[in-house]
Each structure stands twice: as structure tokens, then as C-alpha cells.
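Understanding the architecture of this molecule
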Amino acid sequence: MKVVLAPDSFKGSLTSSQVADAMAEGVKRAVPDAEVIKLPLADGGEGTSYVLCDALGGRMVSCVVQNPMNEPIVAEYCVANERAVIETAVASGLTLVAEHDRNAVKASSMGTGQLILDALNRGCVDFTICLGGSATTDAGMGILVALGAKFYDSQSRELSACGENLVKITSIDISGLDNRLKACRFLAVCDVDNVLFGTNGAAYVFSPQKGASEAEVKLLDEGMRNFAEQVKNSVGVDVSELKGGGAAGGIGAALVAFVGAELRRGVDVVLDAVRFDEIVADADVVITGEGKADQQTLMGKLPSGVLDRSHRKGVSVALVAGKVVDGEMLREAGFAEVVCVTPLSMPLEEAMRSEIAKKNVVAAVANLMSK
């Protein structure tokens, strides 16, 4: 029996590699002679650079950049020949800011731009930017400033890069953009299709979890609308209805408009990189997983991508998760089994501890494979 293990991380508990290891232990406990293939994965958000780095045979490098609140930190990214794989989460991520310090109107994506600059200095010309987990709602203004763009208000005063200044922009000067960008290719990967503004936009959907009040959400949304208008005026690109443009607080739109990035679903990029279709072709079963499985799972998240690709090859897929909501909906979508690894009586705080989460995954998978 060939079993392919293709999980995402259990955020806050286990990395995707740790989940795959625990799954493998569970499979072997139930079926000792099974052929087990471990494929720890990601969907464009946190952890994607590490998965792609392994697939590309690259190496992780680091440099000092500014975090979302403009404090110096060391952030790392992947370099594989002339390709750089950069996560917005490592330099501009929500987890870099304590919950009580989160400030969506002040946070800047400058650090991600500084990572791009560092990669340019290392000779990279092919960029994969992983959008997800950001603390920012600045429409990539920080990235663009780091790369040489300037933003001005109605009094011709240069604006600092942050969300609250988006609404003040009246002109954008791109004459100072790093000339090396013209020879570069950018691929922006994400797991959402939200547009830049409106009720399904970056501000309304994501900024509240980044610390925005109701009034600040409205300010940021107005800023996104203004940003789209100024982008159209300055570079002639309309990003107002771009699917994925609202990813990472609007960074998706900025990369498309100013460096010609292609937007793709992160799960497709990752599955292609690890040769998933080839590996799963002769499998008997695929087991995927994530921290919380619910209706959102079916909206471009990793398990849904694994399900689609596996079904094309006629292979059944089981889904395991730390928490399961909408289980019947997930089964109707095609998952052969949907398993919650956490015992009903276990408190969430205990279940989130990595050593407990691992034991729960091992036991759940062993039980699944014993059926």
C-alpha cells in the first residue's frame, strides 16, 4: 500500500513537516509494511518558502530588515540559483507584532521590500513572493518605497509608507524605482481571491484582525480606493477589481501594477513544484490536513487543492485536522474521511501544545488506517 502524506501546517502547533512525521508514525503503527511518501506542503502563506526551498534545492539566507512597526529584525528567505522565494510573513507578518501592539493604520510592508532589494543584490532575477499572514494594510506602499518609489500628498509632501497615508496620495513618482526590476520576473502566490477594496476587500475582510477599529477599517478602505485610482493615473493599470489584489493587505495589487507580477493560487504553485501529480498517480490513498477544517477549506486552501489533484488521478483523500467544522460539507465535497484529531474533552490550550498535537495526529491517523 502506497500512502502519500500531504499536510499543511497546524498553525500555532506543528509545522507541515512535523505533521507529516506524525502522520507517518500513525500509518506505520497501523500498517507496518506501507510505503509512505511524506510531502509537507503550504498554500502560499507562512511556511511556503521553506517547502519551495526544499523542492528547488535552494538555501535559506538572511538579512536585517524592518518589521511591520519599523523595528529591526533578522528575516530569511530562499535563494535557488537566480530565484528568490520571499514570504511577506517573515518580514511584514502578523506574528511579528504582539497582539496588543497591532496597528493596521501604522504597519508597513517596508521589510518585504528590503528582502527583495537584498535578493536583487545577490543577483536574483526570478521572484516568487508568498502573500499571506501580513500585519499590513498599506497596499504594498512600503515595498514600493523600499524599491525606490515615492508618494506625495496634495501639498507635494512625501508620505511615509503606511496604511493611514493611502488616502492622502495624490501622485506617485516611480522614476526612482530600481532599474534592475525591469529585467525581473515576479510571481505572486496567495490563497485568497479578495479584491483591493469594498466589502470583500483587504480592509473590511482582513484589517480587523490586524488591529483596525471600525473607523480605521473605513479609512483604510477609502485609502485602497484612492490607491487604485492613483495607480491607474501613474502607470495605467486598473487593479480595482483584480482577484487576489487584496492579498496581504493589498500587496497583490501593488506587485501586479508596478513590477508586472503574475498572480497564482499558492497551492497550485507548491503542488507543481513538488511534482504532486506524478507522485500521487499510483497511490492508494492520500492523507492531507490542516489546523482547522471548515467551509474555508474549500475556498482555495491546501486540502482542497490536494483533493482536486488526487481525484484527477482517481485517488481517495482523507482529511485530518485539529478542529473540524462543517464536516458533512467537507465529505460532500469529496473527502473520503474527515477526522478531528483532538478528543472532545481536551481543552484547546492543551490541544495546541506541539507534543500533544503530535500524539493526537499519530493516534488519529493510526485509527484511520486501521479501518
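Notes on the structure in this doc start here.

Reading guide: rules and limits
Residues numbered from 1 in each chain as written. Predicted model: local features only at pLDDT ≥ 70, side-chain atom pairs only at ≥ 80, totals over all residues. Heavy atoms only, no water. Pairing = 2+ DSSP bridges. Helix = DSSP H or I, 4+ residues; strand = E, 2+ residues; numbered from the N terminus. Axes fitted to C-alpha atoms, helices over the stretch in contact; angles between N-to-C directions. Contact = heavy atoms within 4.5 Å. Buried < 20%, exposed > 50% of the residue type's maximum accessible area, 1.4 Å probe, protein only.

**Things to note about the sheet that holds strand β9 (residues 185-190)**
- Ordered in space as β3-β4-β5-β6-β9-β10, the six strands form an open sheet in which the pairing is mixed. Sheet topology places β3 (59-66) and β10 (262-265) at the edges, where each strand pairs with a single neighbour. Each strand of the sheet is rotated relative to its neighbour by a mean of 25°, with strand direction disregarded.
- Pairing of β3 with strand β4 (residues 72-80), which is carried by eight bridges, proceeds in the antiparallel orientation. Pairing of Val64 across the sheet is with Val74, part of β4.
- Lying on the sheet, helix α2 (residues 48-56) is in contact with β3, β4, β5 (83-87) and β6 (126-130); it crosses β5 at an angle near 160°.
- Packing of helix α4 (residues 110-121) onto the sheet brings it into contact with β3, β4, β5, β6 and β9, and relative to β3 it is tilted by some 130°.

**Remarks on unusual backbone geometry**
- For Asn70, which is not glycine, the phi torsion reads 65° and is therefore positive.
- Along the chain, Asn70 turns up in the loop between β3 and β4.
- On the basis of relative accessible area, Asn70 is assigned to the partly exposed category, the value being 42%.
- A positive phi angle, close to 55°, is found at Ala139, a residue other than glycine.
- Relative to the helices and strands, Ala139 is located in the loop between β6 and α5 (141-146).

**What to know about the sheet that holds strand β11 (residues 285-293)**
- Taken in spatial order, the five strands make up an open sheet running β2-β1-β11-β12-β13, and their pairing is parallel. Since the sheet does not close on itself, it has two edges, and those belong to β2 (35-38) and β13 (337-340), each with one partner. Pairs of neighbouring strands in the sheet enclose a mean axial angle of 20°, with direction left out of account.
- Note: strand β1 (residues 2-7) against β11, five bridges, orientation parallel. Across the sheet, Pro7 pairs through a bridge with Gly289, a residue of β11.

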